[in-house]
Amino acid sequence: MAVKNPYTPLPCRLKEVIEETPTIRTFVLDSKPIDFEAGQFVELTVPGVGEAPFTPSSNPNDPEKLELTIMKVGRVTSALFELKPGDLLGIRGPYGKPYPIDSWKGKEIFIVGGGVGMAPLRSLLLALLDRVRDFKRIYLRYGARTPKDIVYKRLFPEWEKVKKLDIVQTVDVGDETWKGPTGVVTVILEEIPVNFKNSVAVVCGPPIMLKFVTMRLVEAGFAPETIYLSMEKNMSCGIGKCNHCRLGPYYVCKDGPVLTWDMIKDLKEDPFL
Amino acid sequence: MRFLSRSQLEQLIRRLAETKTVYLPYRTGERINYHRYDGNVDHDALAGIRPTSSLKNFLFPPSEFVASFPKEVRKSIPEQIVIGPKQCDIYGVWVYDRIFGQGEFQDPFYLERKKQLFLISVDCPTPAESCFCNLVDLTPWVEAGSDLNLTPLDDGYLIDPVSKRGKEFLESKGLGSEPTEGQLKAREESRKRAMARLEEINRGKRLREQLPDDDEFWMEKLDGCVECFSCLFACPTCYCFLLYDVKAKKGFDRIRVWDACYYAAYARVGGGMNPRPDFLSRFKNRFHCKFEYFKQYHDRFACSGCGRCLKGCSANIDIREIVWQ
């Protein structure tokens, strides 16, 4: 057949599994079977179980490895959590549109993450830090349920050292170790110290968080076309054919998975369901 | 263009069937269906309305093995000839070409099936009550999209080349005779009659400027639906599918099966969230998909007016009562 078969995954092996939280793990592949840009996603197969879409969490510029940070929620992710280093996986992609990082030159970048939504944002953050001079300033606002549920605990101290990066974290419910703010992520969005005329916001997290953060960002002054939202949808093919991920006129897999608020704010369907 | 008598067409089909698999419509009771050529040609069925199943089954079968892992799938798709599709089904292929045959990623199985499929379309001289191709700006005859086209006349058929390979086929065979003035006129009249019949069937139907928003309208329209989804599976333009994997000796096989947007789990994500949790929202989505979203990209509806969705509906839900008024 002349046309490449888009349904066939490439084989790859699991190198390491890092426990981030009780329900979230980072799966490190033993090589980089496919190249991607921050924001694009892959379809990962657990052989014999099935396939699901994930956005890598590692630096897209890293030539040697690909990492995926995944929460155990369904059939495929539960099977993934049973795997051990050396086990065989399938991967295809990359799919979807990357974050338009080049168009953000000279701007302030305001990143908001919730829970495992930090995974694609880590990939974005690492890509941004590789060219940090291009941006005026980078902000990261991150919320998790409890201190135990914070992903990348081992990496935050390192990121906090970066001068141009301003980080604030919150947890819904604190414990004796927690010194920071408590409350859902919008509590740390009361002050947004950016010049809205020269900024973009990037949000990834559970749908309910996405909804309230979007409302807050709009209220604060971000223009709808400057708010980039990761849309979680059921996806099967990943290549704009099977129709599962449809959101209004968009195929989230092909036109997304990141869509701007401008694209979806007037849809008949609730984009946050 | 050539004229073929009935026996000349029969002879042509017999010759084609010697080397290729030929499907054509046969009537059983009220229904017309494609079957493999059995030595007879059902002229009545050829001139009847579209068969119960569409070309979807030839190009995008209900289930297709599309990948195996870790070894790449190898399969050969046989050459087939289908005689009998009407414009409504040829239009379905046009829709599928847009989905499976275009864009950054193309479906090699669809493309290969299409390459191996030789289509001989037929005019639709006697549209039925369920037909409404005129409402979606189609004609009950084919001018593009097939390889050859037949126009049934009282004493035989006019045969026209439609595609390049159809033209080559016709030229190489030296079939039939030069059509007479009378035969050309008979075709013109037959087509005019078919169009007039469609206009009569769908008289007074006007396309709504916009699909209504209020739930009451939709609740009334979906009343009686038993969620059998035959409207979606029989539709020549519905293209939703699902990939699923089955364990094989080594690794797994991946199967592409038809899916339907009416299923409750269709859009549900891993964590359990569902953007269309109730049937009302799924019912509406089908119409938005066909009459708004597809049109935004391709400037036409993902509906060919074939009427299968209403013929197969046990609740008599008529798409014409929803999209038109």
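Rules of the game
- The numbering scheme is per chain: residues are counted from 1 as the chain's sequence reads.
- Starting at A for chains and at 1 for ligands, labels are handed out in the order in which the entities are written.
- Predicted model: local features are reported for residues with pLDDT of at least 70 only, side-chain atom pairs are reported and counted for 80 or more only, and whole-chain, interface and lining totals are derived from all residues.
- No hydrogens and no water enter the side-chain calculation; it runs on all heavy atoms of the structure.
- Only heavy atoms enter the contact rule, under which two residues are in contact if any of them lie within 4.5 Å.
- Throughout this description, the term salt bridge denotes a Lys or Arg side-chain nitrogen within 4 Å of a carboxyl oxygen of Asp or Glu.
- N or O atoms within 3.5 Å of each other form a polar contact, as long as, within protein, one can give a hydrogen and the other can take it, and as long as residues adjacent in sequence are counted only when both atoms are side-chain atoms.
- Helix and strand assignments follow DSSP, with helices taken as H or I runs no shorter than four residues and strands as E runs no shorter than two, numbered in order from the N terminus.
- For this classification, the nonpolar set comprises Ala, Val, Leu, Ile, Met, Phe, Trp, Tyr, Cys and Pro, the charged set comprises Asp, Glu, Lys and Arg, and every other residue, Gly included, is treated as polar.
- Note on classification: 1.4 Å probe, protein chains only; a residue is buried when its accessible area is under 20% of the maximum for its type, exposed when over 50%, partly exposed between these limits.
- Each domain's limits were defined by an automated method or a database of domain assignments.
- A simple way to read buried area is as the amount of 1.4 Å-probe accessible surface that goes missing from two parts once joined, with both sides added.
- We call two strands paired when DSSP finds no fewer than two bridges between them.
- The definition of a right-handed crossover adopted here requires that, viewed with the strands pointing away, the path from the first strand over the helix to the second runs clockwise.
- Each patch is built from salt-bridge-free residues with over 30% relative accessible area, joining like charges within 9 Å and nonpolar side chains (Val, Leu, Ile, Met, Phe, Trp, Tyr) within 5 Å.
- Computed by Shrake-Rupley with a 1.4 Å probe, the accessible areas treat only the displayed protein chains as cover when residues are assessed.
- Counting rule for charge: Lys and Arg are taken as positive, Asp and Glu as negative, and neither His nor the chain ends is counted.
- Taken as the charge location is NZ of Lys, CZ of Arg, CG of Asp or CD of Glu.
- Helix axes are fitted only over the stretch in contact, all axes being lines through C-alpha atoms; the angle between N-to-C directions runs from 0 to 180 degrees.

Re the interface of chain A and chain B
Frequently, the measure chosen for interface size is the accessible area removed from exposure when the parts meet.
Piece 1. The partner chain B presents 49 residues to the 44 residues of chain A that form the contact.
Piece 2. Applying the counting rule to chain A against chain B returns three salt bridges.
Piece 3. Glu51 of chain A is the salt-bridge partner of Arg254 of chain B, the closest N and O atoms lying 2.9 Å from each other.
Piece 4. In this assembly, chain A and chain B are joined by 23 residue pairs in polar contact (both at pLDDT 80 or more).
Piece 5. For the side of chain A that touches chain B, the secondary structure elements donating two or more residues are β1 (10-19), β4 (50-54), β6 (88-95) and β13 (250-251) of chain A.
Piece 6. In terms of residues, the side of chain A that touches chain B owes the most to one element, β6 of chain A, which gives six residues.
Piece 7. In the side of chain A that touches chain B, the residues fall into 22 nonpolar, twelve polar and ten charged.

Digging into the pattern of salt bridges
Piece 1. Counting across every chain of the model gives 37 salt bridges over all chains.
Piece 2. Lys265 of chain A serves as the salt-bridge partner of Asp266 of chain A, at 3.3 Å between the closest nitrogen and oxygen.
Piece 3. Of the residues examined, Lys265 of chain A reaches a relative accessible area of 35% and is grouped as partly exposed.
Piece 4. Salt bridges linked by common partners bring Glu64, Lys75, Asp107, Arg113 and Arg256 of chain B together as one network.

As for the domain arrangement of chain B
Residue and element names in this part refer to chain B.
Piece 1. Domains assigned within chain B are domain 1 (2-201) and domain 2 (215-323).
Piece 2. Taking only C-alpha atoms into account, the centre of domain 1 sits 26 Å from that of domain 2.
Piece 3. Taken together, the contact between domain 1 and domain 2 spans 41 residues of the former and 34 residues of the latter.
Piece 4. Taking both sides of the interface into account, the surface hidden between domain 1 and domain 2 amounts to around 3200 Å²; carbon and sulfur atoms contribute 60%.
Piece 5. If you sort the residues of domain 1 by the area they bury against domain 2, Lys56, Phe60 and Phe132 come out on top, with a joint share of 18%.
Piece 6. Along the contact surface separating domain 1 from domain 2 lie three salt bridges.
Piece 7. In this structure, Arg256 and Glu64 form a salt bridge, with 3.1 Å as the shortest nitrogen-oxygen distance.

Some thoughts on the pairing of strand β10 (residues 199-204) of chain A
Residue and element names in this part refer to chain A.
Piece 1. Of all the six residues making up β10, six are buried; the element is thus mostly covered by neighbouring parts of the structure.
Piece 2. Sheet topology places strand β7 (residues 108-114) next to β10; six bridges connect them, and they run parallel. In the sheet register, Phe110 faces β10, and the bridge partner there is Ala201.
Piece 3. Sheet analysis places β10 next to strand β11 (residues 227-230), joined by three bridges and oriented parallel. Paired with Val203 across the bridge in β11 is Leu229.
Piece 4. Note on the crossover from β10 through helix α4 (residues 207-220) to β11: the handedness is right-handed.

Describing a negative patch on the surface
Residues and elements named next belong to chain B.
Piece 1. Among the surface-exposed residues, Asp213, Asp214, Glu216, Glu220 and Asp223 lie close enough to one another that they form a single negatively charged patch.
Piece 2. Examined against the element boundaries, Asp223 turns out to sit in the loop between α8 (215-221) and α9 (230-233).
Piece 3. Judged by its relative accessible area of 59%, Asp223 is exposed.

Focus on the domain arrangement of chain A
Residues and elements named next belong to chain A.
Piece 1. Annotation of chain A at the domain level lists domain 1 (10-95) and domain 2 (101-230).
Piece 2. Each of domain 1 and domain 2 has a C-alpha centre, and the two are 23 Å apart.
Piece 3. In this assembly, 19 residues from domain 1 lie in contact with 17 residues from domain 2.
Piece 4. For the pair domain 1 and domain 2, the two sides together bury roughly 1300 Å², of which 54% comes from carbon and sulfur.
Piece 5. Its largest share of buried area at the contact with domain 2, domain 1 owes to Glu20, Ser57 and Asn59, together 32% of the area lost on that side.

Describing the sheet that holds strand β10 (residues 252-258) of chain B
Residues and elements named next belong to chain B.
Piece 1. With antiparallel pairing, three strands are arranged side by side in an open sheet as β4-β10-β9. Two strands bound the open sheet, and with one partner strand each, they are β4 (63-69) and β9 (241-247). Each neighbouring strand pair of the sheet contributes to a mean axis angle of 25 degrees, computed without reference to strand direction.
Piece 2. Summarising the sheet, β4 and β10 pair through six bridges and their orientation is antiparallel. Looking across to β10, one finds that Ser68 is bridged to Asp253.

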